[in-house]
Structure formats: C-alpha cells, structure tokens
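# A closer look at the structure
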Amino acid sequence: SPSPPAPTAAGHNANVMYMFNRNGVCLFYREWNRPLRTLNPQQDHKLMFGLLFSLKSLTAKMDPTSADKGNLGVPQLPGQGCSFHSFRTNTYKLSFMESPSGIKIILVTHPRTGDLREALKYIYSLYVEYVTKNPVYTPGTPIRCDLFNTNLDQYVRSIS
C-alpha cells in the first residue's frame, strides 16, 4: 500500500471530503466533523461540484499568462491553464485536486490547516490502490470499499 507523507503534527482537522468523477457524479462523500447540515445530500453535492466548476473557469479566465481565455464556463482538461488548489474562509479551508483522469478530490478542513496538495495526492493513491484496482468495483459508481474507508480515516486523522 502507498506510504503517506509525514504529517507536521497530530490532529483531526478534516471536516468533509467529496470525490467526483469528470461528469460531476459524486463517487464518495465522507463527514468527520460537520455539525450543521443545511442541504440534502444531492443538493450539497450539486452545489460543491458547481462551485468547483465556477472556480476552475474563473481562474482560467483570469490567468495573466495566457492570451487565450476561452469561454467562461467551458471546462478545461486537467492540468490545462491556470488552476486553484485551495481557498480559505474564517471558518474552513477547502483544498482541491484533480487527477489526469478527471477525478476531483475536495477536502474541507480547519482554516489553519496547511498546504494539503501532498495529502490529496496521497488520498488519490489510496483511491487507486483500494478502489480502481478492486476487481468488484465498477467505475463511475459510488465507492463502497471498507479498505479504502479504513485507510482514508486513519490517514485523515493525521492531517494537521
């Protein structure tokens, strides 16, 4: 199994994690610390995917290094153009990673949590190891894999 990057300090700062495929289907959703629920799960997933779509489009449109701005709202391929990795509010930090295959991982944590790019890459490696290599998993369906859940929970507890 993959080796996790070393955490800087022990803690349990993760609140929520989403995993979407390239079509916006929520493959995985996990809560560790979310006391207030204001939407039903389907509305919540649509809102999060819409936020990602909008932020990716906005960052591409505002990229000062590219003369070709494309059309706002038109999706870009992973790794294409300018992208964002995280944003922070006074109550949470949202960290984001998109794999070359279009898998989007979103981790919502405490606002003082550091850079999570390596942590998200590790979570993606757990997905590859325990989900995509699982012969009974059908791509594009919700993830139901105990080994993935156990390893994810164990790793997320170490994020600071």
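Heads up: these notes are all about the structure in this document. (Residues numbered from 1 in each chain as written. Predicted model: local features only at pLDDT ≥ 70, side-chain atom pairs only at ≥ 80, totals over all residues. Heavy atoms only, no water.)

### Observations concerning the pairing of strand β4 (residues 93-98)
Here β4 lies mainly inside the structure; six of its six residues are buried. As judged from the three bridges shared by strand β3 (residues 86-88) and β4, these two strands associate in the antiparallel manner. In the sheet register, Ser86 faces β4, and the bridge partner there is Ser95. Where β3 folds back onto β4 in an antiparallel hairpin, the turn is made up of four residues. (Buried < 20%, exposed > 50% of the residue type's maximum accessible area, 1.4 Å probe, protein only. Helix = DSSP H or I, 4+ residues; strand = E, 2+ residues; numbered from the N terminus. Pairing = 2+ DSSP bridges.)

### Notes on the pattern of salt bridges
Across all of its chains, the model carries six salt bridges by this definition. Linking Lys104 and Glu98 is a salt bridge whose minimum nitrogen-to-oxygen distance equals 3.0 Å. The exposure classification of Lys104 matches that of Glu98, with both residues buried. Between Lys121 and Glu118 there is a salt bridge; the shortest N-O distance is 3.4 Å. Here Lys121 and its partner Glu118 are both found in helix α2 (residues 117-132), three residues apart, which amounts to about one turn of the helix. For Lys121, a relative accessible area of 47% gives the class partly exposed. Here the salt bridges share partners, and the residues they tie into one network are Lys56, Glu98 and Lys104. (Salt bridge = Lys/Arg side-chain N within 4 Å of Asp/Glu carboxyl O.)

### Quick look at the sheet that holds β4
Read from one edge of the open sheet, five strands run β2-β1-β5-β4-β3, paired in antiparallel fashion. At either margin of the open sheet sits one strand with a lone partner, and together these are β2 (26-31) and β3. Across the sheet, the axes of successive neighbouring strands diverge by a mean angle of 10 degrees, strand direction being ignored. In the packing of helix α1 (residues 41-61) onto the sheet, contacts are made with β1 (14-20), β2, β3, β4 and β5 (104-109), and the angle to β1 comes to roughly 75 degrees. (Axes fitted to C-alpha atoms, helices over the stretch in contact; angles between N-to-C directions. Contact = heavy atoms within 4.5 Å.)

### Brief notes about the packing of aromatic side chains
Applying the stated criterion to the full structure yields eight aromatic pairs. Aromatic side chains Tyr18 and Phe20 sit 6.0 Å apart centroid to centroid with 10 degrees between the ring planes, which places their arrangement in the stacked category. Like Phe20, Tyr18 is buried. Aromatic pair Phe28 and Phe148: ring centres 5.1 Å apart, planes at 80 degrees, arrangement edge-to-face. One end of the pair, Phe28, is in strand β2; the other, Phe148, is in helix α3 (residues 146-156), with 120 residues separating them in the sequence. (Phe/Tyr/Trp six-rings, centres within 6.5 Å; stacked < 30°, edge-to-face > 60°.)

As far as function goes, none of this settles anything; it's purely spatial.
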